[in-house]
Amino acid sequence: MKLIGSLASPFVRKVRIVLAEKKLDYEFVLEDVWSPDTTISQSNPLGKVPCLVMEDGGAMFDSRVIVEYLDTMSPVGKLIPQGGRERASIKVWEALADGVAEAGILVRLERTQRAAERQSDDWVERQLGKVRNGMASMAQALGDHPFCAGKQFSLADVAVGSALGWISFRFPDIDWRAEHESLARLFDKLSERPSFRDTVPLA
Ligand SMILES: N[C@@H](CCC(=O)N[C@@H](CS)C(=O)NCC(=O)O)C(=O)O
């Protein structure tokens, strides 16, 4: 199978980390979705990465669907519990982490893709509020636990680590490490895993 993605996207990173943790083989195809020449819409009509293209040519998106599928492909390193409240809790962690990254992306797009006179400070502040609240909520829920879901590494940690890594990459002025010691501790631990080390965001 083929993963279409970029080296900067937190959602692509989430999928790459899951592929590595599950020890699944794939071909990584770089795509600049912002280039006028991009062909991404041939695979994903929404024009976004990540997009997983399977052996039969079928395409799968978005990252939450892809990681859920990948987790069923091998019993190695199960990342999402089978069902019930435990499963929902991991998916809420993922929604929260993805939401932090999404809000950060909206800020970045406002600042980089819009003419200065059309940019809205209120809009930027609204999105930054989501980033701040999301991080505070993650830090509180993590507390002293070794991992997001308690004792075991899961998709929640993959999503949180990807979102935090991207915030540090694109917003070095947001000092979340100083404010949220528990997140900094988790992030440092996750960053030692080969799956995280090999997917550090790059421009
Ligand atoms: N919810 C989607 C978000 C994907 C997404 O927003 N990807 C960005 C890169 S970080 C993208 O391709 N943006 C292009 C666009 O919005 O046109 C997912 O989880 O896969």
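As shown above, the structure is provided for reference.
Residues numbered from 1 in each chain as written. Predicted model: local features only at pLDDT ≥ 70, side-chain atom pairs only at ≥ 80, totals over all residues. Heavy atoms only, no water.

**Section: the overall build of the protein**
Here comes step 1: The number of helices and strands found in the protein is eight helices and four strands.
Here comes step 2: In the protein, the order of α-helices and β-strands from amino to carboxyl end is β-α-β-β-β-α-α-α-α-α-α-α.
Here comes step 3: For 203 residues, the compact-globule estimate of 2.2 N^0.38 gives 17 Å, and the protein sits close to it at 17 Å.
Here comes step 4: The C-alpha extent of the protein, read off along each of the three principal axes, is 50 × 45 × 30 Å.
Here comes step 5: Buried positions account for 44% of the 203 residues belonging to the protein.
Here comes step 6: Of the contacts formed within the protein by residues at least 6 apart in sequence, a portion of 66% connects residues at least 24 apart.
Here comes step 7: Of the roughly 10800 Å² that the protein leaves accessible, carbon and sulfur atoms contribute 51%. (Helix = DSSP H or I, 4+ residues; strand = E, 2+ residues; numbered from the N terminus. Rg over C-alpha atoms; globule rule 2.2 N^0.38 Å. Buried < 20%, exposed > 50% of the residue type's maximum accessible area, 1.4 Å probe, protein only. Contact = heavy atoms within 4.5 Å. Areas by Shrake-Rupley, 256 points an atom, 1.4 Å probe, with all protein chains shown as cover.)

**Re the sheet that holds strand E1 (residues 2–5)**
Here comes step 1: Strand order in the open sheet formed by four strands is E2-E1-E3-E4, and the pairing between neighbours is mixed. The open sheet is flanked by strand E2 (27–30) and strand E4 (59–60), the only strands paired with a single partner.
Here comes step 2: Summarising the sheet, E1 and E2 pair through four bridges and their orientation is parallel. Looking across to E2, one finds that Leu-3 is bridged to Phe-28.
Here comes step 3: Its contacts with the sheet put helix H1 (residues 10–21) on E1 and E2, and the angle it makes with E1 is roughly 155 degrees.
Here comes step 4: Packed on one face of the sheet, helix H2 (residues 63–73) meets strand E3 (51–53) and E4 and runs near 45 degrees to E3. (Pairing = 2+ DSSP bridges. Axes fitted to C-alpha atoms, helices over the stretch in contact; angles between N-to-C directions.)

**Structural notes on unusual backbone geometry**
Here comes step 1: Residue Pro-50 follows Val-49 across a cis peptide bond; omega there is 5 degrees.
Here comes step 2: Here Pro-50 shows up in the loop between E2 and E3.
Here comes step 3: At the junction of Phe-61 and Asp-62, the peptide bond is cis and its omega measures out at -5 degrees in the coordinates.
Here comes step 4: Examined against the element boundaries, Asp-62 turns out to sit in the loop between E4 and H2.
Here comes step 5: A positive phi angle, near 55 degrees, is found at Lys-23, a position not held by glycine.
Here comes step 6: Residue position: Lys-23 is located in the loop between H1 and E2.
Here comes step 7: Look at Lys-23 and you get exposed, because its relative accessible area is 68%.

**Quick look at the side chain of His-180**
Here comes step 1: Checked against the element boundaries, His-180 lands in the loop between helix H6 (176–179) and helix H7 (181–191).
Here comes step 2: Leave out the neighbours within four places in its chain, and His-180 touches Met-135, Ala-136 and Ala-139.

**Remarks on the nonpolar core**
Here comes step 1: Counting residues in hydrophobic clusters, the biggest one holds 56 residues, and the most contacted among them are Leu-70, Met-135, Met-138, Val-160 and Leu-183.
Here comes step 2: When contributions to this core are tallied by element, the ones reaching two or more residues are E1, H1, E3, H2, helix H3 (84–113), helix H4 (121–142), helix H5 (155–170) and H7.
Here comes step 3: The biggest single contributor to this core is H5, with nine residues.
Here comes step 4: Val-160 has contacts with Trp-93, Ala-97, Met-138, Cys-148, Leu-183 and Leu-186, leaving out every residue within four places of it along the chain. (Core = buried A, V, L, I, M, F, W, Y, C linked by side-chain atoms within 4.5 Å.)

**A short note on the site of the ligand**
Here comes step 1: Taken together, the neighbourhood of the ligand is formed by Ser-9, Phe-11, Val-33, Trp-34, Gly-47, Lys-48, Val-49, Pro-50, Asp-62, Ser-63, Glu-102 and Ile-105.
Here comes step 2: Measuring from a nitrogen atom of the ligand, one finds a backbone N or O atom of Val-49 at 2.8 Å.
Here comes step 3: Coverage of the ligand by the protein amounts to 81% of the 520 Å² it exposes when considered alone.
Here comes step 4: Residues that form the shell around the ligand fall into these classes: six nonpolar, three polar and three charged. (Near = heavy atom within 4 Å. Polar contact = N/O pair within 3.5 Å; in protein donor to acceptor, adjacent residues only side chain to side chain. Nonpolar A, V, L, I, M, F, W, Y, C, P; charged D, E, K, R; others polar.)

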